[in-house]
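Residue strings, one per chain:
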Amino acid sequence: MADARLADPLDEEFEAEEHAPRLRLSRRGVVVLGSLVALLLGVLSWLVFLSSVLEVRSVAVQGLQDERLTADEVRTAIGGVGSGPLARVDLDDARARVEAIPRVAGAEVWRGWPNTLRVKVTQRTAVAAVKGEDGRFTQVDAAGVSFATEPAAPSGVPVVELRLSQQALDTESVIGRTQLVEGAVAVAAGLPEEVRQRAGAVLVHSYDDIQLQLAGGATVRWGSPEQTDRKARVLVALLRQKGTNFDVSAPDAPAVSG
């Protein structure tokens, strides 16, 4: 009796694949295909980098906190850098131009396809307003950067004013006015928000004699700008007590009177 085996369908499929004709490109076909790919890439490059199809049509600005800095000011600062094809905009240059605005502490710039240049700004926030000899007020942020001078101090911002004692005047060659102002600004920056809003003024009599005037007439003897964090914590605790005079110049031995 003959030995008969059933054919495996998978074997037949593999054999069919082995004998199936394979698609092969001739040299001419390869050249034509390569040319088409190069043409496509060229068109895409032209579309992205040279044509007006993907050019900047708007500059969107976000992060503005108040009317003192407007979107138009940001757009003006960017200028011609923010025009032309979006892909060719120098983002670093645009960011640097925005950050050159005095009221801007930092900026992010990115592409918003297909036609928008997007800018996010972080504005400087005043922690003190330094009263000058001309009666104008220079706003200073927590980093000690002066960024605006106006006829009036912003609402809710302590005013730093030099009322130097004779001792401070005699030692001005050692500790100058700039250093005294920097110390007072550091004090204002270190105040908790609840205290800063009550502090109408930071009066500087000397480096070791800084005084806060609080709303309602209370005063705080602060002393020097040193140990600001410690003094701030002690002051918050002291203000829970009744009094008109608070002394945190020696934070380990605070006092309340009046």
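Given the structure is predicted, the values throughout are model-derived calculations rather than measurements. (Residues numbered from 1 in each chain as written. Predicted model: local features only at pLDDT ≥ 70, side-chain atom pairs only at ≥ 80, totals over all residues. Heavy atoms only, no water.)

**Student:** Explain the overall build of the chain to me, using residue names and the numbers behind them.
**Tutor:** In terms of helices and strands, the chain carries 8 helices and 12 strands. When the 258 residues of the chain are sorted by exposure, 34% land in the buried category. For the chain, the share of sequence-separated contacts (at least 6 apart) that also reach a separation of at least 24 residues comes to 46%. Of the roughly 15900 Å² that the chain leaves accessible, carbon and sulfur atoms contribute 52%. (Helix = DSSP H or I, 4+ residues; strand = E, 2+ residues; numbered from the N terminus. Buried < 20%, exposed > 50% of the residue type's maximum accessible area, 1.4 Å probe, protein only. Contact = heavy atoms within 4.5 Å. Areas by Shrake-Rupley, 256 points an atom, 1.4 Å probe, with all protein chains shown as cover.)

**Student:** Provide a residue-level description of the sheet that holds strand β5 (residues 137–141), including the pertinent values.
**Tutor:** Strand order in the open sheet formed by 9 strands is β6-β5-β4-β7-β8-β9-β10-β11-β12, with mixed pairing between adjacent strands. Looking at the sheet topology across the chains shown, the edges are occupied by β6 (146–150) and β12 (255–257). Adjacent strand axes in the sheet meet at a mean angle of 25°, parallel and antiparallel pairs treated alike. Bridging between strand β8 (residues 199–206) and strand β9 (residues 209–214) involves 6 bridges; their strand directions are antiparallel. Bridged to leucine 203 within β9 is glutamine 211. (Pairing = 2+ DSSP bridges. Axes fitted to C-alpha atoms, helices over the stretch in contact; angles between N-to-C directions.)

**Student:** Give me the lowdown on the pairing of strand β1 (residues 58–62), citing residues and values where you can.
**Tutor:** Along a regular strand, successive side chains alternate from one face of the sheet to the other. Residues of β1 alternate between two faces, with Val59 and Val61 buried on one and Ser58, Ala60 and Gln62 left unburied on the opposite face. Relative to strand β3 (residues 116–123), β1 runs parallel, the two sharing 5 bridges. Within β3, the position partnered with serine 58 by the bridge is threonine 116.

**Student:** Which residues make up the pairing of β9, and what values do they have?
**Tutor:** Burial along β9 is one-sided: Ile210, Leu212 and Leu214 are buried, while Asp209, Gln211 and Gln213, pointing the other way, are not. Once β8 ends, the chain turns through 2 residues before running back antiparallel as β9. Relative to strand β10 (residues 219–223), β9 runs antiparallel, the two being bridged by 4 bridges. The partner of isoleucine 210 across the bridge, within β10, is glycine 223. Between β9 and β10, which follow one another and run antiparallel, lie 4 residues, and glycine 216 among them has a positive phi close to 95°.

**Student:** Help me get a handle on the environment of serine 155, residues and values and all.
**Tutor:** Considering the arrangement of structural elements, one finds serine 155 in the loop between β6 and β7 (159–162). Here the alpha-carbon distance between serine 155 and glycine 200, two residues 45 residues apart in the chain, equals 9.6 Å.

**Student:** Give a description of the nonpolar core that names residues and reports values.
**Tutor:** Counting 32 residues, the largest nonpolar core has Val160, Val185, Leu212, Val220, Trp222 and Leu235 as the members making the most contacts within it. Elements that contribute at least two residues to this core include exactly β4 (126–131), α6 (177–190), β8, β9, β10 and α8 (228–238). Contacts of leucine 212, omitting those with residues within four sequence positions, involve Val187, Leu191, Ala201, Val202, Ala218, Thr219, Val220, Trp222 and Leu235. (Core = buried A, V, L, I, M, F, W, Y, C linked by side-chain atoms within 4.5 Å.)

**Student:** Just give me the short version of the environment of glycine 190, but keep the residues and values in it.
**Tutor:** Within the secondary structure, glycine 190 sits in helix α6. A residue is classified by how much of its surface remains accessible, and glycine 190, at 23% relative accessible area, is partly exposed. Sequence spacing of glycine 190 and aspartate 229 is 39 residues, and the spatial spacing of their C-alpha atoms is 6.2 Å. Look past the residues within four positions of glycine 190 in its chain and what remains in contact with it is Thr228 and Ala232.

**Student:** Go over the packing of helix α3 (residues 71–78) against helix α4 (residues 91–99) with me, naming the residues and quoting the values.
**Tutor:** Axes are the key here: two packed helices are described by the angle between their axes and the distance separating the axes. Closest axis-to-axis distance for the α3/α4 pair is 8 Å, and the angle between their directions is 130°. Taken together, α3 and α4 sit at an angle that is classed as oblique. Handedness of the α3/α4 crossing: right-handed. In contact with Val74, Ala77 and Ile78 of α3, α4 contributes Ala94, Arg97 and Val98. Considered class by class, the residues forming the contact of α3 with α4 number 5 nonpolar, no polar and 1 charged. (Parallel < 35°, antiparallel > 145°, perpendicular 65-115°, else oblique. Left-handed = near helix turned anticlockwise from the far one by under 90°. Nonpolar A, V, L, I, M, F, W, Y, C, P; charged D, E, K, R; others polar.)

**Student:** Please set out the side chain of aspartate 141 residue by residue, giving values where relevant.
**Tutor:** With respect to the element layout, aspartate 141 can be found in strand β5. Side-chain polar atoms of aspartate 141 contact the side chain of arginine 124, separated by 2.8 Å. (Polar contact = N/O pair within 3.5 Å; in protein donor to acceptor, adjacent residues only side chain to side chain.)

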